[in-house]
Amino acid sequence: MTGLSRARVARRIAAGAAYGGGGIGLAGAAAVGLLMAEAQLARRRVGNGTTPHVPNADGLYGAAYTVPGEPALRLTMLGDSTAAGQGVRRSGQTPGALLASGVAAVAERPVGLSTVAVPGACSDDLDRQVTQALADPARVPDVCVIMIGANDVTHRMPPTRSVRHLSSAVRRLRTAGAEVVVGTCPDLGTIEPVWQPLRWLARRASRQLAAAQTIGAVEQGGRTVSLGDLLGPEFAANPRELFGPDSYHPSAEGYATAAMAVLPTVCAALGLWPAEEERPDAARREGFLPVAQAAAEAAAEAGTEVTAAMPTGSRGPWALLKRRRRRRVAEAEPEPSAQPS
């Protein structure tokens, strides 16, 4: 499928979400029977992708940067098991802890982490999670990171419905005053127990949803980062290193890879990234594109950021596509010493 074709599919899904359209098939009706048969076999081999322990990483990071009278930044994680950090044993190995620690180091300011993400969640749980995140009007998060979409694909949620829930969540959070960064649907075609042709169908479905999520989130004022790295090329090349024991959730190194992809965008959303990094770099193939085209390109290349850039024109809304340089994230404090302030 060409870039323009991917952009058209993503735009159709996003438009269906905006205007209440029905589900647009991700794989086509003729493949559904085969997809379901293969999915049952894969599910038996993978299991339910759960582990008995999900570390509680909530707390204060970067406490050494505390200055009297200056409140900590507030970071909230929403989404599914990848946002919660399922599959690792220590709180400091979760993406929330890694991001909080990284932001604290860049800002030289403590960061209070709160996690409302739930393992197994689909996008229709985001409304409840947002309500929980905004329960205290005096403690609205400075930035929210949403990682969602994998369960939508595996549970066959219509992509229009999935994007509708995500768009609503981003709109509510932005209206409340929080910056929002969405880690879009990872590439499910690299899970080891998944065989062909399900592997190809899963990759196609994942990328289509990721592109549509990008359009929906950016049009509501959020930023997105492609999480193809989470279960993408690096996982395919190093499955023993980047997958956890259940062959489904990332390992500690896998979560660090995802955190490194998301951290620059979180810092940019908070105004912490160097000004020169905010200008598009032609050498890195960055620039302004119609949002659907930017979304399609981002879905095909992990670690790519898309953010709103210009008002709607003759070709629809425009966006800035950036391929930010990755910076090493130091492992977070193993156990936070206090609750967010």
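Treat the numbers as computed from the prediction; the structure is a model and nothing was measured. (Residues numbered from 1 in each chain as written. Predicted model: local features only at pLDDT ≥ 70, side-chain atom pairs only at ≥ 80, totals over all residues. Heavy atoms only, no water.)

Caption draft 1: Broad picture of the pattern of salt bridges. Taken as a whole, this structure holds 13 salt bridges when the rule is applied. Ionic pairing is found between Arg-284 and Asp-281, a salt bridge with its closest N-O pair at 3.7 Å. Judged by relative accessible area, Asp-281 falls into the partly exposed class, the value being 24%. In this structure, the salt-bridge partner of Lys-322 is Glu-286, at a minimum N-O distance of 2.9 Å. Pair noted here: Lys-322 is in strand β9 (residues 316-322) and Glu-286 is in the loop between α11 (252-269) and β7 (287-290), with a separation of 36 residues, a long-range link. (Salt bridge = Lys/Arg side-chain N within 4 Å of Asp/Glu carboxyl O. Buried < 20%, exposed > 50% of the residue type's maximum accessible area, 1.4 Å probe, protein only. Helix = DSSP H or I, 4+ residues; strand = E, 2+ residues; numbered from the N terminus.)

Caption draft 2: Fine view of the packing of helix α5 (residues 126-133) against helix α7 (residues 159-176). Direction vectors running N to C along α5 and α7 enclose 15 degrees, while the axes themselves pass 9 Å from each other. Of the possible angle classes, the one that applies to α5 and α7 is roughly parallel. As α5 packs across α7, the resulting crossing turns out to be right-handed. Along its contact with α5, which presents Leu-126, Asp-127, Val-130 and Thr-131, the element α7 presents His-165, Leu-166, Ala-169, Arg-172 and Leu-173. (Axes fitted to C-alpha atoms, helices over the stretch in contact; angles between N-to-C directions. Parallel < 35°, antiparallel > 145°, perpendicular 65-115°, else oblique. Left-handed = near helix turned anticlockwise from the far one by under 90°. Contact = heavy atoms within 4.5 Å.)

Caption draft 3: Quick look at unusual backbone geometry. Its identity is not glycine, yet Arg-156 carries a phi of approximately 55 degrees, on the positive side. In this structure, Arg-156 sits in the loop between α6 (150-154) and α7. Unusually for a residue other than glycine, Arg-285 sits at a positive phi of about 60 degrees.

Caption draft 4: Representation of the nonpolar core in the model. Counting residues in each nonpolar core, the largest one holds 33 residues, and the members touching the most others are Leu-75, Met-77, Leu-99, Val-145, Val-181 and Val-262. Residue assignment for this core shows that the elements contributing at least two residues are β2 (73-79), α3 (81-84), α4 (95-107), β3 (111-115), β4 (143-147) and α11. With nine residues, the top contributor of residues to this core is α11. Every residue in contact with Leu-75, bar those within four places of it in the chain, is listed here: Gly-96, Leu-99, Ala-100, Val-111, Gly-112, Leu-113, Ser-114, Val-143 and Val-145. In this structure, Val-153, Leu-188, Ala-205 and Leu-209 belong to the second largest nonpolar core, which totals 23 residues. (Core = buried A, V, L, I, M, F, W, Y, C linked by side-chain atoms within 4.5 Å.)

Caption draft 5: Representation of α5 within the structure. Those residues of α5 not exposed but buried are Leu-126, Gln-129, Val-130 and Ala-133. Considered in projection along α5, the buried side chains sweep an arc of 100 degrees and stay on one side of the axis. If you follow the buried residues of α5, they end up packed against β2, β4 and α7. (Arc of directions from axis to C-beta.)

Caption draft 6: Expanded view of the confidence of the model for the chain. Across the chain, pLDDT averages 78, with 69% of residues at or above 70. Every residue in residues 42-51 is under pLDDT 50, and counting partners more than four places away or in other chains gives 20 contacts. (pLDDT = per-residue confidence, 0-100.)

Caption draft 7: The arrangement of the packing of α4 against α11 in detail. Where α4 meets α11, the closest approach of the two axes is 9 Å, and the angle between their N-to-C directions is 40 degrees. On the basis of the axis angle, α4 is oblique to α11. Seen along the crossing, α4 lies across α11 with a hand that is right-handed. Two secondary-structure elements touch here, α4 through Pro-95, Leu-98, Leu-99, Gly-102, Val-103 and Val-106 and α11 through Tyr-255, Ala-256, Ala-259, Val-262, Leu-263, Val-266 and Cys-267. Along the lines of polarity and charge, the residues of the contact of α4 with α11 split into 12 nonpolar, one polar and no charged. (Nonpolar A, V, L, I, M, F, W, Y, C, P; charged D, E, K, R; others polar.)

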